[in-house]
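# Coordinates in review
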Amino acid sequence: MTEKRRFPSEAELDALFDEVNNAGRWGKDDERGTLNLITDAKRIAAASLVRTGRALSLARDLNTLQSPNNPSPVRHTMCYQAHYPIGAVDALCLDMHGFALTHLDAVAHVYRDQDIYNRRKAAEVALPSGLNFGDMLAQKDGIFTRGVLLNVAAARGAAWLTPDDGVYAADLDAAEKKQKVRVESGDCIFVYTGLQKREAKEGPENLGQRVGIMPDAIRWMHQRGVAVYSGDCVDAFPNPYGSRYVIYFHAITLAAMGLILLDIPALEPLVDLCGELGRSDFLVTMAPLRIKGGTGSPVNPIAIF
């Protein structure tokens, strides 16, 4: 497909929010969201995808350099003690979110108005001491499931999507068809639009003009039972929405679906290895830090083929 972005109205987003809402699906006190779709049988099946033993990190290096796209960089400090004879020590300070750090979102990280996953309210959950519901501790057992690369750029016959473009449900279908793969319940999908390749050619992306996942693709993920979303695009900018949906993708996927989001992955090496091996699915595993009250966690996802 070649047409550019079409944004539904806020009323249509409200209807989509209700349509994909998983509130109560796994119990009124559930904090795991779509991780519930990764069953024991799913983990066993994912383990069977390991055939060559090749392993690949999908994380970006921790970025200590300040830039427009990284206004609050990682602070890495050597605790210099005049070559203390036992060994070297250091300290690390980082912001959990943004566009430079590979991280997992807690399901209560973003809300729609006051709405948080599983019918909680932001004023009751997001406290000065941290989140008291849907925090990173809810993901303490980690993620071990089937990963699927969906190369939307290749399905479009392009090296990359332009900043004024969007990823639609039809693009996800087209990527599946081209790659001869099908996304199943409990999968972690990686949507590739060629962002890092475009940045290498044109420079860092403008955060005010970004390729985005369009709302009908959110419905697609819900219908397919996607457990974890990752990719080089999330919310499209600019968009016509006010504060309720200015980050509409996060607001609907987190606050309604409880969909686990893995933000800012490194996808170029994954695209290359999938091409080399002629595969689009693999085992993916990641272990977030046990941060009680935390809104997110840095993570190093590993794909194993």
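Everything that follows concerns the structure shown earlier in this document.
The shown structure was predicted, so the numbers you read here are calculated from the model rather than taken from an experiment.

Turning our attention to the packing of aromatic side chains. Taken as a whole and judged by the stated rule, the model has seven aromatic pairs. Considering the side-chain rings of tyrosine 241 and tyrosine 248, the 5.8 Å spacing of their centres and the 70 degrees angle between planes classify their relative orientation as edge-to-face. Tyrosine 248 sits in the buried class, given a relative accessible area of 0%. Aromatic side chains phenylalanine 282 and phenylalanine 305 sit 5.0 Å apart centroid to centroid with 40 degrees between the ring planes, which places their arrangement in the tilted category.

Attention now goes to the pairing of strand E14 (residues 260-263). Here E14 shows a buried face lined by Ile260 and Leu262 and a second buried face lined by Leu261 and Asp263. Summarising the sheet, strand E4 (residues 103-105) and E14 pair through two bridges and their orientation is antiparallel. When the sheet's bridge partners are listed, histidine 103 is paired in E14 with aspartate 263. Sheet analysis places strand E13 (residues 228-231) next to E14, joined by three bridges and oriented parallel. If you follow tyrosine 229 over to E14, its bridge partner there is leucine 261. Handedness of the E13-helix H8 (residues 248-257)-E14 crossover: right-handed.

A few words now on the environment of leucine 101. With respect to the element layout, leucine 101 can be found in the loop between strand E3 (90-93) and E4. With relative accessibility at 7%, the residue leucine 101 sits in the buried group. Taking C-alpha positions, leucine 101 is 16 Å from glutamate 199, a pair spaced 98 residues apart along the chain. Among residues more than four places away in sequence, those in contact with leucine 101 are Leu62, Leu94, Asp95, Met96, Asp263, Ile264 and Pro298.

With that settled, consider the environment of isoleucine 116. Structurally, isoleucine 116 is set in strand E5 (residues 115-116). The class of isoleucine 116 is buried, set by a relative accessible area of 2%. Discounting residues that sit within four places of it in the chain, isoleucine 116 has contacts with Ala108, Tyr111, Lys121, Ala122, Val125 and Ala255.

Of all the five residues making up strand E11 (residues 188-192), five are buried; the element is thus mostly covered by neighbouring parts of the structure. Here E11 shows no split at all, with Cys188, Phe190 and Tyr192 on one side and Ile189 and Val191 on the other all buried. Where strand E9 (residues 143-151) lies against E11, five bridges are found, and the strand directions are parallel. Residue pairing for E11: leucine 150 is matched across the bridge by valine 191. Two strands pair when backbone bridges link them, and E11 and E13 are joined in this way by four bridges, in the parallel orientation. Residue pairing in the sheet places cysteine 188 in a bridge with valine 228 of E13.

Formed by 79 residues in total, the largest nonpolar core has its most connected members in Phe190, Ile213, Tyr229 and Leu270. For this core, the element with the highest residue contribution is H8, accounting for eight residues. With sequence-adjacent residues up to four places away left out, phenylalanine 190 is seen in contact with Leu58, Gly147, Val148, Leu149, Leu150, Ser230, Leu262, Leu267, Leu270, Phe282 and Val284.

Quick look at the side chain of threonine 253 now. With respect to the helices and strands, threonine 253 occurs in helix H8. Once you skip the residues sitting within four places of it in the chain, threonine 253 turns out to touch Ile218, Gly258, Leu259 and Leu261.

Running from N to C, helix H1 (residues 10-19) and helix H7 (residues 215-224) point in directions that differ by 10 degrees, and their axes come no closer than 11 Å. Comparing their axes, H7 and H1 come out roughly parallel. Counted together, Leu13, Leu16 and Glu19 of H1 and Pro215, Ile218, Arg219 and His222 of H7 form the full contact between these two elements. When its residues are assigned to classes, the contact of H1 with H7 shows four nonpolar, one polar and two charged.

Calculation notes
- Residues numbered from 1 in each chain as written.
- Predicted model: local features only at pLDDT ≥ 70, side-chain atom pairs only at ≥ 80, totals over all residues.
- Heavy atoms only, no water.
- Phe/Tyr/Trp six-rings, centres within 6.5 Å; stacked < 30°, edge-to-face > 60°.
- Buried < 20%, exposed > 50% of the residue type's maximum accessible area, 1.4 Å probe, protein only.
- Helix = DSSP H or I, 4+ residues; strand = E, 2+ residues; numbered from the N terminus.
- Pairing = 2+ DSSP bridges.
- Right-handed = clockwise from strand over helix to strand, strands pointing away.
- Contact = heavy atoms within 4.5 Å.
- Core = buried A, V, L, I, M, F, W, Y, C linked by side-chain atoms within 4.5 Å.
- Axes fitted to C-alpha atoms, helices over the stretch in contact; angles between N-to-C directions.
- Parallel < 35°, antiparallel > 145°, perpendicular 65-115°, else oblique.
- Nonpolar A, V, L, I, M, F, W, Y, C, P; charged D, E, K, R; others polar.

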